[in-house]
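As a plain string of letters, each chain reads:
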Amino acid sequence: GKQWYQRRVRGSFLCEHCHNSNNSVQPASEFSDKGVSYTLTVKNDIDLNRQVIKSEFGVIRIPELELEIPAESQKGSSSTVEGFLTKTRDGIKEKQSERRAVDPALASQLDEFLERLEAVIQVRSPFTFIVRDATGNSFVENPSAPAPDPDLKVEYFVRTKDDEDELGITEIREGVAEDEEEERGPVTQNEHTEVITFEALCNACGKEAQCNMKEVAIPFFKNILLMANVCDHCGFRDSEVKSAGGISEKGQKITLTMTDSEMDLNRDILKSETASIEIPALELVLTSGALGGRFTTIEGLLGQMKDQLVSINPFAFGDSSSEKGGGKFAGVIQGIDQIIEQGRLVDIILVDPAGNSYIQNVYAPDDDPNMRVEEFERSDEDDDELGIKHMKTEGYEEDSS
């Protein structure tokens with residue numbers, strides 16, 4: 001899927017007459033299939049210097065100041081955390097003399113706000129910097145990448161109706177529905193392959209697309225749903241795996257110790273959308289949002305991980321990369337290539353709070369001596385992320401009455 005930050009077009013403007021300048025960024029691709037929210041705890045000057053890309057639909061919030069930089073302000077910008085804050089400060093200061101003449105009370109309130117904003121810019125105490133983008137095309141740098149950043153939380157979300165209204169997707173979908181309602185085909189099922197085909201709407205452009213779905217039984221595991229979407233209008237393609245069952249009673253951690261490169265690379269692997277994947281030897285962790293649900297081989301998943309690492313860290317390569325960050329990433333990419341092409345043996349760990357992931361046991365029905373499966377009790381945070389805390393299984397009839 002295209003749910004990660006991808007190619008972008010950067011532009012800069014400088015006027016020799018008035019010295020006005022700006023940097024703009026436009027995504028070189030369609031909307032991602034999910035929105036993204038970055039929550040950064042800013043603790044020091046290093047955090048202030050993190051690179052940030054704010055698309056034309058990105059919204060920045062500082063809860064401690066009750067400050068929101070809306071989508072239409074500083075849109076399509078590439079700067080640092082400090083850069084966005086100082087530009088906001090300078091924009092307010094610019095009109096203060098006029099406000100004092102027209103509305104002294106408002107000017108006084110803004111003076112107080114500017115003092116608080118200045119304290120945030122100087123990081124006198126930690127504060128929260130949030131970027132929410134329904135298109136998925138904004139980005140906040142993780143200087144620890146590819147390792148996870150304890151101060152940066154990244155969440156991917158399904159767009160709401162309000163999000164789709166703002167992006168114009170609703171209007172496109174309603175137009176498609178009116179124009180093609182009579183032509184829209186029914187759900188069809190191939191009797192030989194049991195593939196169900198139905199028409200859906202493209203997550204990227206909102207126009208009509210085809211979705212193929214098939215239920216597959218994995219030996220010694222569960223049934224899963226394989227879904228593939230193809231859009232003839234914009235070329236968007238996406239595949240996803242969903243569990244055909246519910247959430248397991250306990251979470252599961254699967255550790256595979258590779259001993260035979262050819263055999264292990266060809267093992268089937270099901271990584272659910274709730275699972276994280278770790279390769280300790282490379283200090284690599286991809287969190288649960290990474291890659292979505294995937295059913296492939298170990299080799300196939302490693303290739304997808306490599307592609308994803310390049311796409312989600314635009315500042316790690318090319319003109320924007322630092323020597324330290326670029327070198328670290330190059331080492332991880334080289335390490336993945338060594339596993340795929342040179343027979344390097346490592347441990348691969350899948351951690352899934354929902355218990356819906358799987359690595360093929362090539363010795364089945366006997367135990368696999370090179371694979372360890374451990375169950376664990378989910379934490380409150382796990383239950384919250386899985387939506388279990390919000391489920392109501394009793395008394396819901398009363399709420400609807």
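Here the structure is a predicted model, which means the values were calculated and not measured.

Definitions and limits used
Residues numbered from 1 in each chain as written. Predicted model: local features only at pLDDT ≥ 70, side-chain atom pairs only at ≥ 80, totals over all residues. Heavy atoms only, no water. Helix = DSSP H or I, 4+ residues; strand = E, 2+ residues; numbered from the N terminus. Buried < 20%, exposed > 50% of the residue type's maximum accessible area, 1.4 Å probe, protein only. Contact = heavy atoms within 4.5 Å. Areas by Shrake-Rupley, 256 points an atom, 1.4 Å probe, with all protein chains shown as cover. Pairing = 2+ DSSP bridges. Axes fitted to C-alpha atoms, helices over the stretch in contact; angles between N-to-C directions. Lys, Arg positive; Asp, Glu negative; His and termini not counted. Salt bridge = Lys/Arg side-chain N within 4 Å of Asp/Glu carboxyl O. Polar contact = N/O pair within 3.5 Å; in protein donor to acceptor, adjacent residues only side chain to side chain.

### Some thoughts on the overall build of the chain
And then number 1: A count of helices and strands for the chain gives 11 helices and 23 strands.
And then number 2: Here the chain, with 401 residues, has 41% of them falling under the buried criterion.
And then number 3: Look at the contacts in the chain between residues 6 or more apart in sequence, and 66% of them connect residues 24 or more apart.
And then number 4: As displayed, the chain offers around 21,800 Å² of accessible surface, 46% of which is attributable to carbon and sulfur atoms.

### So, the sheet that holds strand S23 (residues 371-376)
Across a sheet, paired strands are connected by hydrogen bonds in the backbone, their directions being either parallel or antiparallel.
And then number 1: What the 5 strands build is an open sheet, ordered S19-S18-S21-S16-S23; its pairing is antiparallel. The open sheet has two edge strands with one neighbour each: strand S19 (284-286) and S23. Averaged over all adjacent pairs, the angle separating strand axes in this sheet is 15°, with direction ignored.
And then number 2: Sheet analysis places strand S18 (residues 276-279) next to strand S21 (residues 347-352), joined by 3 bridges and oriented antiparallel. Along S21, the bridge assignment pairs Ser276 with Val351.

### Considering the side chain of Lys271
And then number 1: Checked against the element boundaries, Lys271 lands in strand S17 (residues 268-271).
And then number 2: Buried and unpaired, Lys271 has Asp352 as its nearest opposite-charge partner, separated by 7.9 Å.
And then number 3: A polar atom in the side chain of Lys271 sits 3.1 Å from the backbone oxygen of Ala275.

### With respect to the pattern of salt bridges
And then number 1: Applying the stated criterion to the full structure yields 14 salt bridges.
And then number 2: Among the salt bridges present, the one from Arg50 reaches Asp47, with a minimum N-O distance of 3.2 Å.
And then number 3: Each member of the salt-bridge network shares a partner with another, and the members are Asp47, Arg50 and Asp149.

### So, unusual backbone geometry
And then number 1: The omega torsion of the bond from Ala364 to Pro365 falls at 10°, within 30 degrees of zero and hence cis.
And then number 2: With respect to the secondary-structure elements, Pro365 resides in the loop between strand S22 (358-359) and S23.
And then number 3: A positive phi is found at Val123, a non-glycine position, where the angle reads about 50°.
And then number 4: Unusually for a residue other than glycine, Glu283 sits at a positive phi of about 55°.
And then number 5: Within the secondary structure layout, Glu283 lies in the loop between S18 and S19.
And then number 6: With a relative accessible area of 55%, Glu283 lands in the exposed category.

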